[in-house]
Amino acid sequence: MEYFLQLFFSGLSKGSVYALIALGYTMVYGIIELINFAHGEIYMIGAFTGLIVAGLLTALGWPALAILAIAVVVAMVYSGAYGYTVEKIAYKPLRNAPRLAPLISAIGMSIFLQNYVMLAQTPDFLPFPRLIPDLAFMQKYNSFLGTSDLLIIVTSIVVMAALNFFIKFTRMGKAMRATAQNRKMAMLVGVNVDQVISATFIIGSSLAAVGGVLIASHMGQINFYIGFIAGLKAFTAAVLGGIGSIPGAMLGGLVLGWTESFATGYVSSDYEDVFAFLLLVLILIFRPAGLLGKQRAQKV
Amino acid sequence: MKARWILSVAGVAMAGLLMVGCGKKDEQKTDAANATASSDKIVIGVAGAQSGDLASYGLPTLNAAKLVAKEVNAKGGINGKKVEILPMDDQCKPELATNAATKLVSEKVNLVIGHICSGATKAALPIYKDAKVIVISPSATSTELTQSGDYPNFFRTISYDLVQGKAGAEFAENTLHVKKVAIIHDKGDYGKGIAESAKTALEEGKQAKVVLFEGITPGGVDYSAVVQKIKNSGADCVIFGGYHPEASKIIIQMHQKGLKIPFVSDDGVKVDTFIKTAGADAEGVYATGPQILADNAIYKKAIEDHKKDFGSDPGAFFPQAYAASQALMNAVAKAGSTDYDKVAAALRSEYVETPVGKIKFDSKGDAEGVSFSVYQVKNGKYELVK
């Protein structure tokens, strides 16, 4: 039973990070039907920003949790700015181009950002300060749930709840939903679509930054390439849950995290990815739009 | 208005001229390169990870080749010909390694030092074999590269995984006296090779049991599930086959989960980058690495030269790369030409004094007399375990 709980929680914490990144993919897809391949790189840039901030504040001798909180906030702002800029440079000029064009532009952006960080920082792995202390009251649960796992899970839940509130009840959230339903119609009734798209990129990017800083301080190291696999897995999670659907991305992330964790625990980590992608294939066979995606009639 | 018009025309014309100028220079350069391959220079390609996250494995080899070439050139070159080093980056990726090999072959280079990683070397070797290029690697330890007998053009100055995995396993059972071993690898040619030979050695030794044998995906977001599994298996030692990024992630997560058992790894982990990234968690980690003859005079001199020229201590595989460069240039000198058959024969018959001892190569291409030792991280540095 304890072993089950261990795997359950490690899957949960991994899954919540996948979900945080997957939200960015799914929100952008929901609004402009673009798969933003540069999103993984935004996550990586978030982690690097966190490292720089953490390095500065550690030198000033701040307490670890305060540093973590500030690092997360600064990384969110910085990544948000990157997301905004990427959209303006790489996607906005191509908004009315054939759908393949922005996709290729996205891949280009991803390669550019990776190499830019590699050249500006270093190709080596960098140690990331472990900002999550082992809290005393967690001692008895430590055998199956570490403090950093708990913090990742709690932060993800809070962030996702806030996002849900934002989408459901605020003016901008409503405008986002309207744009996702029908961009032209939203424009006709006076929604500033450009602004909505920018906001989507900023929010998606800052969520990825939260995931980036949390995982980096959990794993204790980063390099310019971490965004690739994380992005790939998160994209899988978004498709699994139904791309375009926000609750779908959250569910997809968790399902993927658990699948990987249990496959490793009960079968073999050799087959971790096999099981993850097998699940994806199965779900897409029986529910082509993903777990929570809406089945839409296609115009032919 | 008119003045501006004239100015811009002049500007365009000048830019055009510049471009023409560049074009001419490039042509001259390629002419020069063609000439070098045939007449007054001996070009040696140095291929391996020179950028990317595994650059710390490959750059020391480039430095070693440059140092040896400098020394040889200072003495008048080989048979009156100057040695020139041509670096080629593969980032330790098989797909880039084949590109690098094709490029070297098309530049008519027929002597190569490299590649660095086993997977990349394996991918590049068929291209070199077809083009009759001699390849000496300082660090590609995959057993089959030499032992399969498929590549008569391949030599190396390091021992191979079968020996290395065994060294780690024997250290674990005979020195650490562990009883249950979890073996983890990164599913790559190199890591899995080490892991499998360690497993075979443990099964033959019969003193310790292999309780877990698993591969992980390199670059994963989190390895806590596999760490839980190690913990659950009751292992009292972990043997890891693979490179340093995964090793440091696993050791960090093991310590996070309160699992403090010996961690024995390979020469992919015996690099300073590992200690830098894992920080305090690296302390106490064991890694096998090529045996170093600390009191070898050539070794000492090579390190001094490196400090003088590059201002730092040399990195991973530097002595092996230095030995490879010396062996190759010596063989060319003895053969009297860069002819494939003559150089290969000279490598197999002529002894050379190198930082890894006095070596020549056996019929399969492995250097005779090189082996592995076990090192441990103590106070942020790898030290030989006696």
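This report concerns the structure included in the present document.

Definitions and cut-offs
Residues numbered from 1 in each chain as written. Chains lettered and ligands numbered in written order. Predicted model: local features only at pLDDT ≥ 70, side-chain atom pairs only at ≥ 80, totals over all residues. Heavy atoms only, no water. Helix = DSSP H or I, 4+ residues; strand = E, 2+ residues; numbered from the N terminus. Buried < 20%, exposed > 50% of the residue type's maximum accessible area, 1.4 Å probe, protein only. Contact = heavy atoms within 4.5 Å. Areas by Shrake-Rupley, 256 points an atom, 1.4 Å probe, with all protein chains shown as cover. Expected span 1.5 Å × (residues − 1). Pairing = 2+ DSSP bridges. Right-handed = clockwise from strand over helix to strand, strands pointing away. Axes fitted to C-alpha atoms, helices over the stretch in contact; angles between N-to-C directions. Left-handed = near helix turned anticlockwise from the far one by under 90°. Lys, Arg positive; Asp, Glu negative; His and termini not counted. Salt bridge = Lys/Arg side-chain N within 4 Å of Asp/Glu carboxyl O. Buried area = accessible area lost by both parts, 1.4 Å probe. Polar contact = N/O pair within 3.5 Å; in protein donor to acceptor, adjacent residues only side chain to side chain. Nonpolar A, V, L, I, M, F, W, Y, C, P; charged D, E, K, R; others polar. Core = buried A, V, L, I, M, F, W, Y, C linked by side-chain atoms within 4.5 Å. Domains from an automatic or database assignment. Patch = residues over 30% accessible without salt bridge, like charges linked within 9 Å, V, L, I, M, F, W, Y side chains within 5 Å. Charge placed at Lys NZ, Arg CZ, Asp CG, Glu CD.

**Regarding the overall build of chain B**
And then number 1: Scanning chain B for helices and strands turns up 13 helices and 14 strands.
And then number 2: For chain B, the residues scored as buried account for 55% of the 386 residues in total.
And then number 3: Long-range pairs, those at least 24 residues apart, make up 67% of the contacts in chain B with a sequence separation of at least 6.
And then number 4: When the accessible surface of chain B is totalled, it reaches about 16100 Å², and 55% of it is carbon and sulfur.

**Some details on helix H4 (residues 100-120) of chain A**
Residue and element names in this part refer to chain A.
And then number 1: The terminal C-alpha atoms of H4 lie 30 Å apart, and with 21 residues this matches the ideal 30 Å at 1.5 Å per residue to within 8%.
And then number 2: Within H4 the residues assigned to the buried category are Pro102, Ser105, Ala106, Met109, Ser110, Leu113, Gln114, Val117 and Met118.
And then number 3: Looking at the buried positions of H4, the neighbouring elements they touch are helix H2 (39-59), helix H3 (64-91) and helix H9 (226-241).

**As for the pairing of strand E7 (residues 209-215) of chain B**
Residues and elements named next belong to chain B.
And then number 1: Taken together, the six bridges between strand E6 (residues 180-185) and E7 define a ladder with parallel strand orientation. Opposite His185, over in E7, you have Gly215 as the bridge partner.
And then number 2: The parallel pair E6 and E7, bridged by helix H7 (residues 189-205), forms a crossover whose chirality is right-handed.

**Some points on the packing of helix H1 (residues 2-32) of chain A against helix H10 (residues 246-267) of chain A**
Each packed pair of helices is defined by two parameters, the angle between the axes and the distance between the axes.
And then number 1: Two numbers describe how H1(A) lies on H10(A): the axes approach to 6 Å, and their chain directions differ by 145°. The way H1(A) lies across H10(A) gives a crossing that is right-handed.

**Considering the side chain of A:Asp124**
And then number 1: Looking at the secondary structure, you find A:Asp124 in the loop between H4 and strand E1 (126-127).
And then number 2: One buried charged side chain, A:Asp124, makes no salt bridge at all; its nearest oppositely charged neighbour is B:Lys276, positioned 4.1 Å away.

**A short note on unusual backbone geometry**
Excluding glycine, a negative phi dihedral is what most residues carry, and trans is how most peptide bonds are arranged.
Residue and element names in this part refer to chain B.
And then number 1: Residue His115 is reached from Gly114 by a cis peptide bond, and omega for that bond is -10°.
And then number 2: By secondary structure assignment, the location of His115 is in the loop between strand E3 (111-113) and helix H4 (118-131).
And then number 3: One non-glycine residue, Phe317, lies in the positive phi region at around 65°.
And then number 4: According to the relative accessible area criterion, Phe317 is buried, its value standing at 9%.

**Details of the interface of chain A and chain B**
And then number 1: With 35 residues of chain A at the interface, the matching set in chain B holds 35 residues.
And then number 2: Between chain A and chain B the total buried area reaches about 3000 Å² when both faces are included, carbon and sulfur atoms providing 50% of it.
And then number 3: For the pair chain A and chain B, the interface holds two salt bridges.
And then number 4: Seen at the junction of chain A and chain B, the total is 13 residue pairs in polar contact (both at pLDDT 80 or more).
And then number 5: Sorting the residues of the side of chain A that touches chain B by element identifies H1, E1, helix H5 (147-169), helix H8 (193-219), H9, H10 and helix H11 (272-286) of chain A as the ones contributing at least two each.
And then number 6: Of the residues assigned to the side of chain A that touches chain B, the class counts are 15 nonpolar, 13 polar and seven charged.

**A few points about the environment of A:Tyr18**
And then number 1: The residue A:Tyr18 is located in helix H1 in this model.
And then number 2: Along the backbone, A:Tyr18 and A:Ile283 are 265 residues apart, and their C-alpha atoms lie at a distance of 18 Å.

**Topic: helix H8 (residues 224-232) of chain B**
One turn of an α-helix holds 3.6 residues; hence residues three or four places apart share an orientation.
And then number 1: Among the nine residues in H8(B), seven count as buried, and that is most of the element.
And then number 2: Within the sequence span of H8(B), burial applies to B:Ser224, B:Ala225, B:Val226, B:Val227, B:Gln228, B:Lys229 and B:Ile230.
And then number 3: Buried residues along H8(B) sit in contact with H1 and H10 of chain A together with E6, E7, strand E8 (237-241) and helix H9 (244-256) of chain B.
And then number 4: Positive phi appears at B:Gly234, one or two residues downstream of H8(B), with a value of about 75°.

**A few points about the sheet that holds strand E13 (residues 372-378) of chain B**
Residues and elements named next belong to chain B.
And then number 1: Read across the sheet, seven strands follow the order E7-E6-E8-E9-E10-E13-E14 without closing on themselves; strand pairing throughout is mixed. Edge strands, defined here as strands with exactly one partner in the open sheet, are E7 and strand E14 (381-384). Strand after strand, the sheet turns through a mean of 30° between neighbouring axes, direction not considered.
And then number 2: As judged from the two bridges shared by strand E9 (residues 263-265) and strand E10 (residues 286-290), these two strands associate in the parallel manner. By the bridge assignment for E10, Val264 is matched with Tyr286.
And then number 3: Of the strands in this sheet, E6, E7 and E8 touch H7, which is tilted by about 160° from E6.

**What about the nonpolar core?**
And then number 1: If you look at the biggest cluster of nonpolar residues, it comprises 144 residues, and the most contacted ones within it are B:Tyr128 and B:Phe274.
And then number 2: For this core, the element with the highest residue contribution is H8(A), accounting for 15 residues.
And then number 3: Summarising the domain contributions, this core has at least three residues from each of domain 1 (41-158 + 294-371) and domain 2 (162-266) of chain B.
And then number 4: B:Tyr128 has contacts with B:Ala47, B:Ala101, B:Leu104, B:Val105, B:Val112, B:His115, B:Val133, B:Val135 and B:Asn153, leaving out every residue within four places of it along the chain.
And then number 5: Counting 41 residues, the second largest nonpolar core, distinct from the first, contains B:Ile113, B:Tyr322, B:Val332 and B:Val343.

**Section: the sheet that holds strand E1 (residues 41-48) of chain B**
All names here are of chain B.
And then number 1: The parallel open sheet is built from five strands, whose spatial order is E2-E1-E3-E4-E5. Every interior strand has two partners, whereas the edge strands, strand E2 (82-89) and strand E5 (154-156), have only one. With direction set aside, neighbouring strand axes in the sheet form an average angle of 25°.
And then number 2: Both strand E4 (residues 134-137) and E5 contribute to a ladder of three bridges, which runs parallel. In the strand pairing of E5, Val135 is matched with Phe154.
And then number 3: Running over the sheet, helix H2 (residues 55-74) touches E1, E2 and E3 and is turned about 170° from E2.
And then number 4: Lying on the sheet, helix H3 (residues 94-106) is in contact with E1, E2 and E3; it crosses E2 at an angle near 150°.

**Structural notes on a positive patch on the surface**
Residues and elements named next belong to chain A.
And then number 1: A grouping of Lys168, Arg171, Lys174 and Arg177 is seen on the molecular surface, where their side chains present a positively charged patch.
And then number 2: Here the positive patch takes three residues from helix H6 (residues 171-181), the largest share from any one element.
And then number 3: The class of Arg177 is partly exposed, set by a relative accessible area of 38%.

**Digging into the pairing of E14(B)**
Residue and element names in this part refer to chain B.
And then number 1: Here E13 runs beside E14; their pairing, made up of four bridges, is antiparallel. Note that in E14 the partner of Tyr375 across the bridge is Leu384.
And then number 2: Following E13, the chain reverses through two residues before pairing antiparallel with E14; Asn379 in that reversal takes a positive phi of roughly 50°.

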